[in-house]
Amino acid sequence: MNIRITFLGTGQAVPTAKRNHTAVLMQYKNENILIDCGEGTQRQFRKAKISPNKIDTILITHWHGDHILGLPGLFQTLHMNDYKKTLNIYGPKGTKKYINSLKQLVSIKLNLKIHEISSQVFLETPEFYLSSEPMSHNTPTLAYSFTIKDKL
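Below is a short write-up of the structure.

Parameters at a glance
Residues numbered from 1 in each chain as written. Predicted model: local features only at pLDDT ≥ 70, side-chain atom pairs only at ≥ 80, totals over all residues. Heavy atoms only, no water. Helix = DSSP H or I, 4+ residues; strand = E, 2+ residues; numbered from the N terminus. Rg over C-alpha atoms; globule rule 2.2 N^0.38 Å. Buried < 20%, exposed > 50% of the residue type's maximum accessible area, 1.4 Å probe, protein only. Contact = heavy atoms within 4.5 Å. Lys, Arg positive; Asp, Glu negative; His and termini not counted. Charge placed at Lys NZ, Arg CZ, Asp CG, Glu CD. Pairing = 2+ DSSP bridges. Right-handed = clockwise from strand over helix to strand, strands pointing away. Phe/Tyr/Trp six-rings, centres within 6.5 Å; stacked < 30°, edge-to-face > 60°.

Before going further, it helps to spend a moment on the overall build of the chain. Per the secondary structure count, the chain includes 4 helices and 9 strands. In the chain, the succession of α and β elements from N to C terminus is β-β-β-α-β-α-α-β-α-β-β-β-β. The C-alpha radius of gyration computed for the chain amounts to 15 Å, which stays within 12% of the reference 15 Å derived for 152 residues, consistent with globular compactness. With respect to the three principal axes, the spread of C-alpha positions in the chain is 45 × 35 × 35 Å. Every one of the 152 residues in the chain was classed for burial, and the buried ones make up 47%. Sequence separation of at least 24 residues holds for 54% of the intrachain contacts in the chain that already meet a minimum separation of 6. Side-chain charges of the chain comprise 19 positive and 11 negative groups, with the mean position of each set lying 8 Å from the other.

Structure below.
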């Protein structure tokens, strides 16, 4: 099975006419992992003809606006589209506080499971695992690694 990567946004702090804020969807078998969620990400899902209801996991690299300001809109889109799954959100120190603030801001009812992580393997299945490493930035920042396990 192949890994499918959809670049929903590759811009920087200021979007351009052709590049949205940072957001990348990684799909492997039944797993759909969103890495960062810049402003307008829910619109980018529509342009890519992908349902945001497929998302299982969100990975936040850091809490700068160009990486997270799409979360309130995405949460509202999921809520309005009757999202039924538990959405796992992983991020650096501060993630629980920030996600809980966003939930209050947009008054949504989603089942969220929020995880603050550091340098570790934080999600493991029989076929793959996700790990994180701290990066040097002016705020707590993580890089993520997706590894498919060896098979016979």
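Picking up after the structure, the text goes on.
Moving on, we get to the pairing of strand 3 (residues 31-35). With 5 bridges connecting them, strand 2 (residues 23-28) and strand 3 associate as antiparallel partners. The partner of V24 across the bridge, within strand 3, is I35. Linking strand 2 back to strand 3 in an antiparallel pair, the connection comprises 2 residues, with K29 at a positive phi of about 55 degrees. Note that strand 3 and strand 4 (residues 57-59) share 3 bridges and pair parallel. Each residue of the ladder has a partner; that of I35, found in strand 4, is L59. Read from strand 3 through helix 1 (residues 41-47) to strand 4, the crossover connection turns out right-handed.

Tallied over the full model, the rule gives 6 aromatic pairs. Note on W63 and Y98: the rings are 4.9 Å apart at their centroids and 45 degrees apart in plane angle, and the pair reads as tilted. Taken together, the residues span a long stretch of sequence, with W63 in the loop between strand 4 and helix 2 (65-68) and Y98 in helix 4 (residues 95-106) at a distance of 35 residues. Taking the relative accessible area as the measure of exposure, W63 reaches 14% and is therefore buried. Following the ring pairs from residue to residue traces out a cluster consisting of Y28, F128 and F146.

A few words on the environment of L105. Tracing the backbone through its elements, the reader meets L105 in helix 4. As for L105 and P72, which are separated by 33 residues in sequence, their C-alpha atoms are 7.9 Å apart.

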